Amino acid sequence: MKYEDLSKKIIDGVGGKENVKSVVHCTTRLRFKLKDEGSAKTEQLKTTDGVITVVQSGGQYQVVIGNHVADVYDDLIKVGGFQDGGSVPDDYGERSDMNLLDRFIDLVSGIFTPILGPLCAAGMIKGFTAMFVAFGWITSTSGSYLILHAIGDAFFYFFPVLLGYTSANKFKVDKFVGMAIGAVLCYPDIVAINSSKTVLYTLFKGTFFASDIHTTFFGIPVIMMNYTSSVIPIILAIWFASHIEKWAKKVIPDVVKTFLVPFVTLIITLPVTFIVIGPVATWLSTAVSDVTVAIYNFSPIFAGILMGALWQVFVMFGLHWGFVAVMLTNLASKGYDPIVILSFAASFAQTGVVLAMTLQTKNEKTRSIGIPAVISGIFGVTEPAIYGLSLPRKRPFILSCIAASVGGGLLGFFGTKTYIYGGLGIFAFPSYINTKTGVIDMAFYGSIIAAVVAIILGFILQIFFGKNYVDIEPVAAQTVADAPVESANVENNTEVIFNKETTLASPLTGKLLQLSEIDDKVFASGAMGKGIAIEPTEGVVYAPADGEIILAFPTGHAVGLKTTDGAELLMHIGMDTVNLEGKGFEMLVKQGDQVKLGTPLVRFDIEAIKAAGYSIVTPLVVTNSKNYHEVKVISNKSEVNKNESLLELS
């Protein structure tokens, strides 16, 4: 278990095993759902060797590891005994209580994320094939060209089939029904109708919607569109199919559902798609494409500056998926996209900044993150660079956005366009060759110029304006056991606001123990804060002061209180008692309750807990000990009674 030690530190950092609801991983991050994010030691985790940073977003506690996250995850599952949730997309997030924009982003990312790898690969092959023709290495009539072009182009030609599968997965439709709907849209005889010279009549003549009618369906005119390589029509068709399938499952008897549900879904969905959904979706796609291109044409340079400056921010919040949808729409309707290409220089700008930081730093950890981040940045993957280096230090991230905006402006100036969805970073260059003409023009060379300028400018800006921000590390959360609060203030040059003095009563009746005496490293080390432990002789926990319940575990084994004076307290009944899953415990309060000194909080069965093999020693910990100069035991007895004065916080 290569990452066993790191896994233990991460589990400790997220608040222990009992604080974890679930954990999954994406390309670079461990994504936790915690019971209480306040119990996590975020600053401590950020400075842990092997951890790039911590991001709290969308109801998730995300520990950024880097490209080897899958290996760390495997060991984490073994060490923590967690249920294996597996791998999820990079944009995976909480799905509840999302607004309209979040739902749109979730929809687009859910449909396109599963096919991004082969989509990029096919685009790269198609782009390199066009490059080989442009350089005269092969001819467009050779067998080599035909095979390479087929490998690259087939993915895009049959795009509706692939989107039929991923859309079906997203809308909870039978996946093979989804693929069948996509296949019908690409069926050769259907495609041939669109180019037929036989025109029965023209609908909406003289308007934007004017359409030649080549065929009918039981007398109903079919406005035939070209659905190969299209995006929006198949997604809307599968959405419609999801409602038909759901209805069919309700009304069709179980004994014939296997074949009648797909039959009904296909026989209703496809005619409606050809007659209504397809034409409307195509017109909508064309309108969206025309609007975005019109905005671009108003000022390509300004559009480039704006897109370049904001792209990395869009990516951080997942908003880039909206632009990806627009790009695919433009590619399908116009054969090119001038919008997303404006962000191309951002990865090179970020790489230039991080390269300078790597040369400037005196910190070995920063350098160890910087070198692989530069390499991955060249290939278009900038997450390690952003989250590991530039964003935590702020100034370098801003400098990278400035350099990216200049690169975006150059792309707008040269009129660079993308003709296929290809690779990232240096692998994206072939995507900017017109696959129809095969001509390498100034627009293509402009992409190279923009990338070079962005990486050089990012490097120079960091050298001159970001040097003092390189070795500023996030402040680690120091425990009282490690060092006095006052000395931590001097070393880290941070301000701590101290709470006013207060006294806490004993929450239990029992024998007093020092935290260092208990059999739990987290509590014994003082990592959770200063305090005292009690081995109870009565099975009731009482409120040690007036305050609000801020933590009430359903299992009853732990309760948290914030006093009216600002002290944050954790009372953890026994060690590893979360494993009892509530047996022997009765929680008497709930989160948000206001309580008085001496209010009963939890009732527990001492003998039952002991019989199950668990210790009943209960720590009383001041989790915000850093906000006090001293946490002192004022009882001089070996045993204490409930509600007796016990701790003085000064």
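Since we're looking at a predicted model, the values are computed, not measured.

Draft legend 1. Examining the packing of aromatic side chains more closely. Enumeration over the complete set of coordinates arrives at 17 aromatic pairs. With centroids separated by 5.5 Å and ring planes inclined at 35°, the aromatic side chains of Phe132 and Trp137 adopt a geometry described as tilted. An angle of 65° between the planes, with centres 5.2 Å apart, marks the rings of Phe344 and Phe348 as edge-to-face. In this structure, Phe344 and Phe348 share a single accessibility class: buried. Three or more aromatic residues joined by ring pairs make a cluster, and in this case those are Phe128, Phe132, Phe135 and Trp137.

Draft legend 2. A look at the sheet that holds strand β4 (residues 60–64). Strand order in the open sheet formed by 4 strands is β1-β2-β4-β3, with antiparallel pairing between adjacent strands. Two strands lie at the open edges of the sheet, namely β1 (20–25) and β3 (53–57), each paired on one side alone. Each strand axis lies, on average, 20° off the axis of its neighbour in the sheet, ignoring direction. As defined by bridge partners, β3 adjoins β4 across 5 bridges and the pair is classed as antiparallel. Its bridge partner lying in β4, Ser57 is registered against Gln60.

Draft legend 3. Just helix α18 (residues 442–465), in detail. Helix length check: α18 (24 residues) gives 33 Å between terminal C-alpha atoms against 34 Å at 1.5 Å per residue, within 8%. Restricting attention to buried positions, one finds in α18 the residues Ala443, Phe444, Gly446, Ser447, Ala450, Ala451, Ala454, Gly458, Leu461 and Gln462. The secondary structure elements touched by the buried residues of α18 are α5 (116–134), α14 (345–360) and α17 (395–414).

Draft legend 4. Region of the structure containing a nonpolar patch on the surface. A surface patch of nonpolar side chains, about 840 Å² in accessible area, is lined by Met442, Tyr445, Ile448, Ile449, Val452, Ile456, Ile460, Phe464 and Phe465. Position of Tyr445 relative to the elements: it lies in helix α18. Residue classification places Tyr445 among the partly exposed residues on the basis of a relative accessible area of 42%.

Draft legend 5. The arrangement of unusual backbone geometry in detail. Even without being a glycine, Ser229 presents a positive backbone phi close to 70°. Mapping Ser229 onto the fold places it in the loop between β8 (220–222) and α10 (232–251). The residue Glu581 is not glycine, and still its phi comes out positive at about 55°. Looking at the element boundaries, Glu581 is found in the loop between β15 (568–572) and β16 (585–587).

Procedures and definitions
Residues numbered from 1 in each chain as written. Predicted model: local features only at pLDDT ≥ 70, side-chain atom pairs only at ≥ 80, totals over all residues. Heavy atoms only, no water. Phe/Tyr/Trp six-rings, centres within 6.5 Å; stacked < 30°, edge-to-face > 60°. Buried < 20%, exposed > 50% of the residue type's maximum accessible area, 1.4 Å probe, protein only. Pairing = 2+ DSSP bridges. Helix = DSSP H or I, 4+ residues; strand = E, 2+ residues; numbered from the N terminus. Axes fitted to C-alpha atoms, helices over the stretch in contact; angles between N-to-C directions. Expected span 1.5 Å × (residues − 1). Contact = heavy atoms within 4.5 Å. Patch = residues over 30% accessible without salt bridge, like charges linked within 9 Å, V, L, I, M, F, W, Y side chains within 5 Å. Areas by Shrake-Rupley, 256 points an atom, 1.4 Å probe, with all protein chains shown as cover. Salt bridge = Lys/Arg side-chain N within 4 Å of Asp/Glu carboxyl O.

Interpretation note: all reported values are geometric properties and have no functional meaning in isolation.
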